[in-house]
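Fold and contact review
Listed below, chain by chain, are the residues.
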Amino acid sequence: MTPGPPATTPTAPATEPAAPATTPIAPATEPRSPGMPLAEALCTEPRPTDVAAYGDDGLLLRVDVPTRHGAEQPHLVHYRRRPDGTWEPTWTIPWCTQALPVPGGYVCVRRAQGRTLVELRPADGSPERVLLTTRGRVGALAPRPGGHQIAVTTSTFGGPGEHPGNLLAGSDAVWATGSDMTLSHAKQPQGAWQVHLVPLDGTAPHLLTPTVPADLALTGESAWAGAATLLLGAHRHHRHGVRNFGLLALAADSGDATRELFSATVDVCYPVQGPDGQVAYLATTLRRDNEPVAQHACLVGEDLREPVLLPADDGLWQRPIGWDGPRRLVCTAESGPRRRLYVHDLDHATWQPVPLTASVMNARVHTGRAAVLTSAPDTPPALQVTPLKTAGPQATGPHTHTAEHVVRAQTPPLPGRLHYRPQTIPGAHGDVASWVCLPEQDPPRGTVVLYHGGPFKSWSDWSWRWNPWPFVACGLAVVLVEPPMSLGYPDAVRTGWRQWRGGTAACAAAQVEAVRAAHGLLDSPLALMGGSFGGYLALNTAETLNPDLVVAHAAPLDLTQVAEGSDVGWQWIREFGDPTEWRPLYQLNSLFPRAVRPATRVLLSHGLHDGLVPPTETLRTHRALARQGVRSEVAFFRSEAHALSRPGNIRAWYRWVLAAVADELTPAPVSAAVTGEPTPVPASVPVSVGEPAPARTHPRTEAMP
């Protein structure tokens, strides 16, 4: 699915600033698996997640720190550059999630005693000054050109919707009309977004009260198109379930809404404010004749005309992340194994890649340089500051042309090696790929396949959640599959769009079999795993691959039910159409009955607060599998939403899954071809999309009815 604009969720109350620290949680029982020590390390190491700000006074890195209670505490850590080009940490703010560089320091957002504080934090670490206080959440911080004021969007929790006839008075009912009602809103009604103009000198903020058209809702995003016009993110939800994203322009002095800007061809979101009145956005094409979507960088100027798309080389999906001056837009784009950094010269319409050694997680740009957080499937996150060009008037200083290391996350030594394998599957559009993680010395005794969620995601980054290396530590090969619709393979999107089973799942199964054949693992035990869309693939490819173990978290399986009940049902409608009109297509792409063979072991899990995939999907699937004789187990995590995110829960999940791996992936005689090293694979493999894979001869499956 293609996501809409993000929202910021408040966290727990703050404590006094302190350096990040962790307290490991002792497991309930002694670990059974050799992969558990590495899994424990994944759950205790502080996690660099975002470059929050980069300016004249240094940079702020967000680090999420596991706590003794099994949760995470967000921190912003400030790093200052020494004269010799090295960097040092100078101060830390706990419970802080957002920041914006301003003259003399930073505007930071943190939680404290049930409130959200917008504070001015001097770069020297001296006491902060509160600029704005709210009980709700902060969406965006947008610096007004001129440097003396910022626009802050906030949203508070609302009360239950009231029936216009007062018929529900005295109840706790949440009443609404329209197809955009969600269960999340019923559980915790959200108030409307507000816009504040906040002076940096500490004088009172000014609340703007624009009249928002009745058919629009604000998203919390904002950016300045010049000093006089503030662009607010907005969406229009149509009666038939489609949601479009555009902009609402405000006159800053009066707060009046002056214009709506909704394109007839693209949705726009994720603004990146420029230095000369231009704002860059991520543009996603609207559905036309069932064609797959595509994404582009686009520009909106002070004249507020139709967004101007910036075509990229090789159809790469460029996403704006910063500006290096008024005519150089910096973007990221996935290309095969990496998410790369590009500079787009607007005057010459050229894209120039920035040399980096790993995949870009995110970056911030400042005066010819970028603070870049990078990682890879075998490389934990590392922060560096790198030049965006080799020479020029904006790149100054003694270390301008050299990348500078700032900090790196720590993990134990990895127990294996990583290989990237491009793949061509007959019947599929474009090329795809798989990553293969192999044990360091002994031949692998089986295979674990991990499918990523999304579907518009990839394995280009380090993962704290779906990490392959605990399984490699158990002596297993791990295959990270990049099936059609993975980011970085734009030509393959057509294979999977509206064809999740016959296109994406069939191709993914063929990719798995090609890798297993290349490493002599076709007759060895097999486990299929994934979360969300990855869980969907794990269960759907079980029909073809005949695994010994399936592990799926929060998987959408009956697509009609999910589209009708999801908080983001509009995303499903964008791809598959109206669930009533297109019900046969939804059912064709849903998990077929008896896709998993009887006696196969299946571990299902779900967060009870999931608004994207209703938890009843997992309950319904577990009951159906149990009736069919599948050895299904189910775990519901009462503190989680869609993703399994709390370190304590991730640790428990690894104990559960690694124990099942030890039980089900028993050693079996391995082909003499197994060497642990990749062998040449032909440009195409003899398994086509839509064809079943050859049957395996693993003894555990031969005895199954």
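The structure presented is a predicted model; accordingly, all values stated were derived computationally and were not measured. (Residues numbered from 1 in each chain as written. Predicted model: local features only at pLDDT ≥ 70, side-chain atom pairs only at ≥ 80, totals over all residues. Heavy atoms only, no water.)

Here strand β3 (residues 72-81) lies mainly inside the structure; 7 of its 10 residues are buried. Sheet analysis places strand β2 (residues 58-66) next to β3, joined by 8 bridges and oriented antiparallel. When the bridges of β3 are listed, V65 appears paired with Q73. Counted along the chain from β2 to the antiparallel partner β3, the turn is 5 residues long, and its residue G70 has a positive phi close to 85°. (Buried < 20%, exposed > 50% of the residue type's maximum accessible area, 1.4 Å probe, protein only. Helix = DSSP H or I, 4+ residues; strand = E, 2+ residues; numbered from the N terminus. Pairing = 2+ DSSP bridges.)

Time to look at the side chain of S524. Note on placement: S524 falls in the loop between α5 (500-518) and β33 (526-531). Given the relative accessible area of 1%, S524 is considered buried. A polar contact is formed between the side chain of S524 and the backbone oxygen of L521, at a distance of 2.8 Å. (Polar contact = N/O pair within 3.5 Å; in protein donor to acceptor, adjacent residues only side chain to side chain.)

This paragraph deals with the pattern of salt bridges. One pass over the structure, following the stated rule, counts 28 salt bridges. Two residues, E40 and R651, come together in a salt bridge whose shortest N-O distance is 2.8 Å. With E40 in helix α1 (residues 36-44) and R651 in helix α11 (residues 647-664), this pair connects stretches of sequence that are 611 residues apart. Residue classification places R651 among the buried positions, given a relative accessible area of 3%. Counted as one network, the salt bridges with shared partners bring together R601, R631, E633, D663 and E664. (Salt bridge = Lys/Arg side-chain N within 4 Å of Asp/Glu carboxyl O.)

With that out of the way, let us pick up the sheet that holds strand β4 (residues 87-94). Ordered in space as β1-β2-β3-β4, the 4 strands form an open sheet in which the pairing is antiparallel. Two strands in the sheet have a free side with no partner beyond their single neighbour: β1 (47-55) and β4. The mean angle between the axes of side-by-side strands here comes to 25°, regardless of whether they run parallel or antiparallel. Relative to β2, β1 is paired through 7 bridges, and the arrangement is antiparallel. By the bridge assignment, D50 is partnered in β2 with R62. (Axes fitted to C-alpha atoms, helices over the stretch in contact; angles between N-to-C directions.)

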